[in-house]
Structure formats: structure tokens, C-alpha cells
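So you can see what is in the structure, the chains are spelled out below.
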Amino acid sequence: MSKSFSRRKLLTAGLTTAAGASGLVVAARLGERYGLIPPDHQGIYGLGETLTYASQRLLTAHHSMAREFNPSEISKVIPVNGEAPESELYEKLQAQNFSEWRLRVDGLVARPSMFSLTQLKSFPPRSQITHQACEEGWSFIAEWTGVPLGYLLDVVGVLPQARYVVFFPFDTVWDSLDLDEALHPQTLLAYAMNGQELPAPHGAPLRLRVPRQLGYKSVKYLSRIAVTDSLKKVGNGLGSVSPDLGYSWYAGI
Amino acid sequence: MAESAYLGQLAIQSSEIQVRHSRTVRLTHWITAFSFFALLVSGIAILLAHPRLYWGETGAVGTPAIIDLPLPFVLTGQSGWGRSLHFLSAWVCVITGLVYVFSGFFMRHFQANLSFPRDRDSEVSNRYNVLQRVSYVLVIFGFFPLMISTGLAMSPAVTSVFPDLVTLLGGQQSARTVHFFAGSALLLFLIGHVAMVYRAGFRSRLLPMITGCAIAGDEGA
């Protein structure tokens, strides 16, 4: 191997490394600025999560709509995952048919508020027949009726620095959405399913429906919604209980 | 002469030994091999959470399955790491595949090795037989693109932008089923591919895919 050949090789390798490293720094800065980095971006799997989240966020940037179906396509079999919350408060509220239940909305909002089920039902409703897939592999189609989350967020007035919306249920399965998904017209706070009051196993009295992501993002048994500028301050700092259980925060798949 | 091939990289400088596989082909071959293995293992981990296959948009326990695989339902969270590894290796596999396909057209790799010339005595037909060329072309331009499109057809975010991806297949569960069978076909190809390499001689076939050099005087298949 000649001297000049090895020197050129070294120079090329050095330049490539420098370009690669600065490229990564620029990508990370841009990603952070445009909200393309998921909260669970750490580790080797975090690289895959980040690539998927960033590319799907760019792809769906203009509020692309999840597919909607005809009433004849509604599934006859609708399985249930998980169990009702083991909470005395929840059981008490359920026994009163949720008449005393309130949804608390706070955090980075102009008017922190409490909403009763009757108040939520007085807002302009939206009904949609959408497909929901469980991460396990099974799926079903159902009709959901509720308030678009974006409408409720307008009512309470989201502050300019807000970036995420966090959902706290009566059980431990909390989660969050970025503001883009939260303001999507199909992201619902559903109180009815297939024309009936939301059945208890499906998350009564109120659940989230996020038709552009897997089923586990659709938090059941809602109790509180909080708007925040950073998920680092909430719980495990990873935006959801899912990363603790080995699942990703973003589930657009 | 055969001894020099054992020296691997040193042999690359000898003009007497022909280069059998280009550097791009070798590199993309092995990255694809590793990512395919990771996709296979993680794919099985995901499948085991619900080893039943359906046709149409929906399917669940309590609805008719088109295939009930004789496998246990594993609901202990194995699909969590399964999905993370699946998507990480899918990114690696897709990017590698794009590099391979574009460089393959650019560097005339496909024209030289995998085309179907009319002239039976041409150089091309000496290297791989028709069955081999048909299977390589099917895998590269048929099954891999099918795996990618059926994988994306299961994503509610992607189908919100490209609904035809899933509706043309007949639904999300159909996409899952086709993904399973296309993956099984790729696994069969892999078994056949490794068996052929074994039959032709591991050393004479594996070394060129690592070092790039064929053992002199060793031609064909």
C-alpha cells in the first residue's frame, strides 16, 4: 500500500466522519425544533422509533384522515383488552352512573376547567366509523361518538408554548399525544360506541379515540387531561406508561 | 493458485483472480442478511401475540380465521421488543435494499448477472441458471417490495395518506395475512439459497461473498 493512497484514505475517512457527525447534530437540532423526536428516542431501538415517528409526522403533516367505513361494516365481535380500574373512586362514580364524574382539564391552558358528562354531550358531537387494530394483531370496526379533542382544547384555550397533551385515567395506563395528533379532527373524546352509551369495559364514561394509531393509544376511563410543553416532567419522562412495558410511545406503526 | 484465495483481502490485489462480487453487492448482501434475520425473529415474536390469520378488514378471537396456526398465544409482552427490533431492522433493510437496487442498475449488476438474454451462449447464461435468475429477480423485485407494501398497509398513519395501499388488498387483516405468506416465501428462498451454497461448496461460495474474489478456475452456478 503506497503512502499517498493511505493518506488519501485517511483524509476521506476523516471528512466522512466529520460530515456524518455534523449531519447528525443538524438533524437532531432540526428534529427537536420541528417536533420530530419522540420522547422514547433513547437507546438503539430509539433510532428506529425516531425514524418512524419523524417520517410519519412529515408524511401525515396535513391532517391526513384515517379511513372511515359504512355502518354495514361495523364488527359483530368487539373484543376487550384489560380490566376495569381497581379504584374505589371509580367504582363509586360508576355506581352513580357517572353523574358526579368530572373531566379535569388543566396545565398550559388559559381556563383550567372541570366538565361533566352532560356538558361534554352539549358540545357539537362527531361520529365516525373507524378501524382499530390492537398491537397484538386483531382488529375491529366500530362507530364512535364524542367531542373532538381539538374542540375541547379550544374551549379551555391552549397556551402558545404547549406541545403535548397528557391523558390520565382511573387506572395506571396513562399516555400522551403530540399537539398535531391531539388537534386532528378525528381524535375524539368518545362517550358513545355504536349508538349506545360507552360500555364499561370499553372505557366508560369517556375514552380517547386516536384512529391513526394502534388501539393502546386510545386511553380508557379518562379522569384528567393536562397540556404541557415537555413530557420530561411527567411520570417516567417518556410520555406514556408504554415504554416501561417495552412498547413505543408513538404507535402510528 | 487456490491457496492465494485463502488469504482473503491480499488476494484482491492479484489481477489473476477475478472479482466475483462487487464491494457494494457484498456489503448490501450481508447487511440484508443480518437485518432479515432480525426481521424474522422479531416477526415471529409479533405473530405469537395472535397466531391467527384473517381475510378482510377485521378479525379477532370469536370471528372465523382463514388459518389458525398451531402455535401458542404469547401475551407476555414479547411483541414490545419484537416491534422495536422489527421496525429498526426494517429501516436498515429498506435503506440497504434501496442502495443495492439503485447501484445495481447504475453499475449494470442486474444486466450483467440477472437478465434474460436471447442468446443462450452469452456470458450471462453461464453464471446463474434460469431458475436461479428467476428466483433472485422474484425476491428482489417481487417479494421484498410486497413485504414493504403489506407492512405499510397495516399502519393506520400511512394508510391515512395512501388508503389504496390497504383497500386494494381487501383490508388490514388481508395485508397482515399476505405479509405472513410473503415472509414465509422469503424464508423458503433463504433455506433454498443456503442449501444451494452448501451444495456448491461453502468455501468456494462464501469466500467470494466476503472477499469478493472467486477461486481461480472455479466457474458457474
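The structure we're discussing is the one just above.
In what follows, the accompanying structure is described. What you are looking at is a predicted structure, and each value in this text was computed from that prediction instead of being measured.

About the cut-offs
Every chain is numbered independently, its residues counted from 1 as its sequence is written. Ligands are numbered from 1 and chains lettered from A, in the order in which they are written. Local features are withheld for residues below a pLDDT of 70 in this predicted model, meaning they are given only at 70 or higher, and side-chain atom pairs are given and counted only at 80 or more; totals for whole chains, interfaces and linings count all residues. Note that the side-chain values use all heavy atoms of the structure and ignore hydrogens as well as water. Following DSSP output, two strands are said to pair if at least two bridges run between them. A helix here means a DSSP run of H or I that spans at least four residues, while a strand means a run of E at least two residues long, and both kinds are numbered starting from the N terminus. The axes are straight lines fitted to the C-alpha atoms, using for helices just the contacting stretch, and the angles between their N-to-C directions are given from 0 to 180°. By the convention used here, residues are in contact when the closest approach between their heavy atoms is within 4.5 Å. Pairing of N or O atoms within 3.5 Å defines a polar contact, subject to two protein rules: one partner must be a possible hydrogen donor and the other a possible acceptor, and residues neighboring in sequence count only if both atoms are side-chain atoms. Think of it in three bands: residues with accessible area under 20% of the maximum for their type are buried, residues over 50% are exposed, and the middle band is partly exposed, with areas taken using a 1.4 Å probe on protein chains only.

Describing the sheet that holds strand β2 (residues 113-115) of chain A
Residue and element names in this part refer to chain A.
- Ordered in space as β2-β1-β10-β5-β6, the five strands form an open sheet in which the pairing is mixed. Edge strands, defined here as strands with exactly one partner in the open sheet, are β2 and β6 (175-178). In this sheet, neighbouring strand axes are inclined to one another by 20° on average, regardless of whether the strands run parallel or antiparallel.
- Taken together, the four bridges between strand β5 (residues 164-169) and β6 define a ladder with antiparallel strand orientation. Bridge pairing in β6 places Tyr164 opposite Asp178.
- On the sheet, helix α5 (residues 149-156) packs against β1 (103-107), β2, β5 and β10 (222-228) and is oriented at approximately 135° with respect to β2.

Description of the side chain of B:Ser42
- Looking at where B:Ser42 falls in the secondary structure, it is placed in helix α2 (residues 23-47).
- At a separation of 2.6 Å, a polar atom in the side chain of B:Ser42 contacts the main-chain carbonyl oxygen of B:Ala38.

Considerations on the side chain of B:Thr159
- Note that B:Thr159 resides in helix α7 (residues 156-161).
- The buried category is assigned to B:Thr159, whose relative accessible area is 5%.
- Among the polar contacts listed, one links the side chain of B:Thr159 to the backbone oxygen of B:Pro156, at a separation of 3.4 Å.
- Residues within four places of B:Thr159 in sequence aside, it is in contact with A:Arg67, B:Leu152, B:Ala153 and B:Val166.

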